[in-house]
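# Architecture at a glance
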Amino acid sequence: MAQTTLLYNIGQLLTMDQHDGPVRGEKMGSIDVKENYAVFMKDGKVEKIAPSDELKHTDADEKIDCKGKLVTPGLVEPHTHLVFGGSREHEMALKQQGVPYLEILKQGGGILSTVRSTRKASEKELYERAMFHLNRMATYGITTMEAKSGYGMDRETELKQLRVAKKAGEDHPLDLVSTFLGAHAITEEYKDNPKALLDEMASMFDQIKEEDLAEFVDIFTETGVFTIEQSRRYLQKAKDHGFDVKMHADEIDPLGGTQLAVEMGATTGDHLAVATDEGIKELANSNTIGVLLPGTIFYLGKGEFARARDMIEAGAAIAISTDFNPGSSVTENIQLIMSLAALKMKMTPEEIWHAVTVNAAHAINRGDEAGQIKEGRKADVVIWDAPNYLYIPYHYGVNHVNTVFKAGQKLYERGDLLV
Ligand SMILES: N=CN[C@@H](CCC(=O)O)C(=O)O
Ligand SMILES: [Zn+2]
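Residues numbered from 1 in each chain as written. Chains lettered and ligands numbered in written order. Predicted model: local features only at pLDDT ≥ 70, side-chain atom pairs only at ≥ 80, totals over all residues. Heavy atoms only, no water.

With an unreviewed UniProt entry as reference, the chain is termed Imidazolonepropionase, source organism Aquisalibacillus elongatus. Entered under Function (unreviewed entry) in the UniProt record, the comment concerning the chain runs "Catalyzes the hydrolytic cleavage of the carbon-nitrogen bond in imidazolone-5-propanoate to yield N-formimidoyl-L-glutamate. It is the third step in the universal histidine degradation pathway." Under the Sequence similarities (unreviewed entry) heading, UniProt states for the chain: "Belongs to the metallo-dependent hydrolases superfamily. HutI family." (UniProt positions renumbered as here; feature names shortened; annotations may be inferred.)

Below, the structure written as structure tokens:
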């Protein structure tokens, strides 16, 4: 029996399919808004999109009167460190005292603290935590997301993280895309020989491919972590093994990571907070998508937000993300990130909606199945407690989701108070 759902009386419907993505430059600034529309979903797919008056009498197993609310595609989250052990709330005091992020790392804290906890954690513990965070992501309207490893930097723990992500992706309704980030920090064992760490991580590429544990390989290119030259060689090996590549680039020091991401044909360059004029120009003339993470800058209290305006005006394609992780951006709330993108990076609401839907989908090679509402596509759809699309970045810090559908199934519905 076909399972059908009709959403009607939609005040504003954003289908986000006005342009084929990735949407770049000034095209990010325009959105086609369909007013008083309806969406008919059948067997997990979008069957029909039409004016509400045409569709509202259609029979369906469930008919939802949207009462003028906003409806959009399920959001896509293109950069998370989902699988980790422990937490780092004790580092908050250090941050308050002004100890820099890279200094905490140098002292064996930060990422290395999470490495110790993740090495100790069982697969079951990591899985349960990952499922908890995935559920919370879903409540904020996310229906597809990426998950990185990178808290092992040894074979056993990296594989443990990747297997947890794979199982979580199979078990959870959200679609999960996995990234191998074995090159995330230099551990004690390798502090005098980072090249050996990279060789060890690269020696895992074959097994990761065979077990289908990751689609992307990522590296943290930064002062005190991996150099440009080390990153170039490592990413080339990853490409030779058939991986698409990503980079944590130009986050704290402007080493030229943005240019390297372009040179390597990376799918994305992520962070880019201190990208130079040259980096921005090259990004704009490339197919690499800039994934900007304003929550990280906010949380680390550094004050230098990525130059989204310059990037978009130069013609780049931009996505945004929570960068959910236990140290530099501890939030699953992508809507808060949308507000930061507006307030701190001066992105327009139209640009922001492109950055969390169609462009974010392309940032994880899911442009042909996520980030847009289209007839024949998987029905990943969110009903918002909001009258229009401007409202979400404007009213900040709270969850505006009313209902989330993943492949036509209701995944989350806002609970009502009893009074
Ligand atoms: N900058 C490097 N990696 C992560 C942070 C990871 C952590 O602090 O645990 C990031 O994207 O911000
Ligand atoms: Zn990251």
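### Considerations on the side chain of S321
Along the chain, S321 falls in the loop between β13 (318–320) and α14 (334–345). Taking relative accessible area as the criterion, S321 reaches 0% and is therefore assigned buried. A polar atom in the side chain of S321 sits 3.0 Å from the backbone oxygen of H79. Within the structure, S321 has its side chain in polar contact with the backbone nitrogen of D323 (distance 2.9 Å). (Helix = DSSP H or I, 4+ residues; strand = E, 2+ residues; numbered from the N terminus. Buried < 20%, exposed > 50% of the residue type's maximum accessible area, 1.4 Å probe, protein only. Polar contact = N/O pair within 3.5 Å; in protein donor to acceptor, adjacent residues only side chain to side chain.)

### Some thoughts on the packing of α14 against helix α15 (residues 349–356)
Closest axis-to-axis distance for the α14/α15 pair is 10 Å, and the angle between their directions is 140°. On the basis of the axis angle, α14 is oblique to α15. Note on packing geometry: the crossing formed by α14 with α15 is right-handed. Within the contact between the two elements, α14 uses I334, M338, A341 and A342 and α15 uses I352, W353 and V356. Residues of the contact of α14 with α15, tallied by class, amount to seven nonpolar, no polar and no charged. (Axes fitted to C-alpha atoms, helices over the stretch in contact; angles between N-to-C directions. Parallel < 35°, antiparallel > 145°, perpendicular 65-115°, else oblique. Left-handed = near helix turned anticlockwise from the far one by under 90°. Contact = heavy atoms within 4.5 Å. Nonpolar A, V, L, I, M, F, W, Y, C, P; charged D, E, K, R; others polar.)

### A few points about the packing of helix α5 (residues 123–139) against helix α6 (residues 155–171)
Interhelical geometry of α5 versus α6 gives an angle of 45° and a closest axis separation of 9 Å. On the basis of their axis angle, the class for α5 and α6 is oblique. Pair α5 / α6 crosses with right-handed handedness. Across the interface between the two elements, E123, L126, Y127, A130, M131 and L134 from α5 touch K160, R163, V164, K167, A168 and D171 from α6. Its residues assigned to classes, the contact of α5 with α6 shows seven nonpolar, no polar and five charged.

### Observations regarding the packing of aromatic side chains
Summed over the entire model, instances satisfying the criterion amount to seven aromatic pairs. Each ring, one from W353 and one from W384, has its centre 5.7 Å from the other, and the planes form 85°; the classification is edge-to-face. Of this pair, W353 sits in helix α15 while W384 sits in strand β14 (residues 381–384); the two residues are 31 residues apart in sequence, bridging distant segments of the chain. For W384, a relative accessible area of 0% puts it in the buried group. (Phe/Tyr/Trp six-rings, centres within 6.5 Å; stacked < 30°, edge-to-face > 60°.)

### Things to note about the nonpolar core
In terms of nonpolar packing, the biggest core is built from 106 residues, with F180, Y234, M311, I320, M347 and W353 touching the most fellow members. The biggest single contributor to this core is α5, with seven residues. When neighbours within four sequence positions are excluded, M347 is seen to be in contact with M28, A308, R309, I312, I318, I320, A341, A342, I352 and A355. Counting residues in each nonpolar core, the second largest holds 16 residues, with L7, I64, V381 and I383 among its members. (Core = buried A, V, L, I, M, F, W, Y, C linked by side-chain atoms within 4.5 Å.)

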